[in-house]
Amino acid sequence: MNEELLERAAGRSVDPERLLPGEQRDLRSTRCADAEHWVGVYSELIAFKVDVRQRTEAALTTICENARPEVQNDLLVMLAEETRLVNRYEFWNERLRLLSAPPPPGHTPT
């Protein structure tokens, strides 16, 4: 595989500003369904990444000493990915909360 392509993919996976395909379109949406969709997407991704990370952490106890630094590096990348996903989940969860909240008394829609 192309080394430049691999480096770009690694950088994108931990880029805290990276959005998933289609997410940019929904950033300005006022529909609860759109926010609910992204809460679900990020929930699923977080569960997957946590599972992979936990299995990798467990493997550290059995993997040979010479291989540990490589796996520890993988864990750092996994934690960065997980942090990015949790931040996006929190963004959408807050967006959903705001969209679901009743309007303040006396509020007139524009």
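Predicted, not measured: the structure shown is a model, and the values here were computed from it.

Oppositely charged side chains are able to pair whenever their charged atoms sit close together. In the structure shown here, the tally under the stated rule is 8 salt bridges. Of the charged contacts in the structure, one is a salt bridge between Arg88 and Glu23, with a shortest N-O distance of 2.8 Å. Here Arg88, found in helix H4 (residues 68-100), pairs with Glu23, found in helix H2 (residues 23-26); they are 65 residues apart in sequence, far enough to count as distant. No difference in accessibility class separates Arg88 from Glu23, as the two residues are buried. Notably, a salt bridge pairs Glu94 with Arg97, separated by 2.6 Å at the nearest N-O pair. Here Glu94 pairs with Arg97, and both are found in helix H4, just 3 residues apart, close to one helical turn. Judged by relative accessible area, which is 34%, Glu94 ranks as partly exposed. With relative accessibility at 47%, the residue Arg97 sits in the partly exposed group. Taken together, the shared-partner salt bridges in this structure form one network comprising Arg53, Glu57 and Glu82.

With 33 residues, H4 extends 47 Å from end C-alpha to end C-alpha; this agrees with the ideal 48 Å at 1.5 Å per step. When H4 is considered as a whole, its buried residues turn out to be Val71, Leu75, Met78, Glu81, Glu82, Arg84, Leu85, Arg88, Trp92, Arg95 and Leu96.

In terms of nonpolar packing, the biggest core is built from 9 residues, these being Leu20, Ala35, Trp38, Val39, Tyr42, Ile46, Leu85, Trp92 and Leu96. Those elements giving two or more residues to this core turn out to be helix H3 (32-59) and H4. The greatest single-element share of this core, amounting to 5 residues, is contributed by H3. Beyond its immediate stretch of four places on either side in the chain, Val39 contacts Tyr89, Trp92, Asn93 and Leu96.

Following the criterion strictly, the structure yields 3 aromatic pairs and no others. Note on Trp38 and Trp92: the rings are 6.1 Å apart at their centroids and 25° apart in plane angle, and the pair reads as stacked. Note that Trp38 is positioned in helix H3 and Trp92 in helix H4, a separation of 54 residues in sequence. Comparing Trp38 with Trp92, the two get one shared label, buried. Measuring from centroid to centroid gives 5.1 Å for Phe91 and Trp92, while their planes differ by 85°, and the two rings are edge-to-face. Owing to a relative accessible area of 33%, Phe91 belongs among the partly exposed residues under this scheme. Grouping aromatic residues by their ring pairs yields a cluster made of Trp38, Tyr42, Phe91 and Trp92.

Calculation rules
- Residues numbered from 1 in each chain as written.
- Predicted model: local features only at pLDDT ≥ 70, side-chain atom pairs only at ≥ 80, totals over all residues.
- Heavy atoms only, no water.
- Salt bridge = Lys/Arg side-chain N within 4 Å of Asp/Glu carboxyl O.
- Helix = DSSP H or I, 4+ residues; strand = E, 2+ residues; numbered from the N terminus.
- Buried < 20%, exposed > 50% of the residue type's maximum accessible area, 1.4 Å probe, protein only.
- Expected span 1.5 Å × (residues − 1).
- Core = buried A, V, L, I, M, F, W, Y, C linked by side-chain atoms within 4.5 Å.
- Contact = heavy atoms within 4.5 Å.
- Phe/Tyr/Trp six-rings, centres within 6.5 Å; stacked < 30°, edge-to-face > 60°.

Read these as geometric descriptors, not functional statements.
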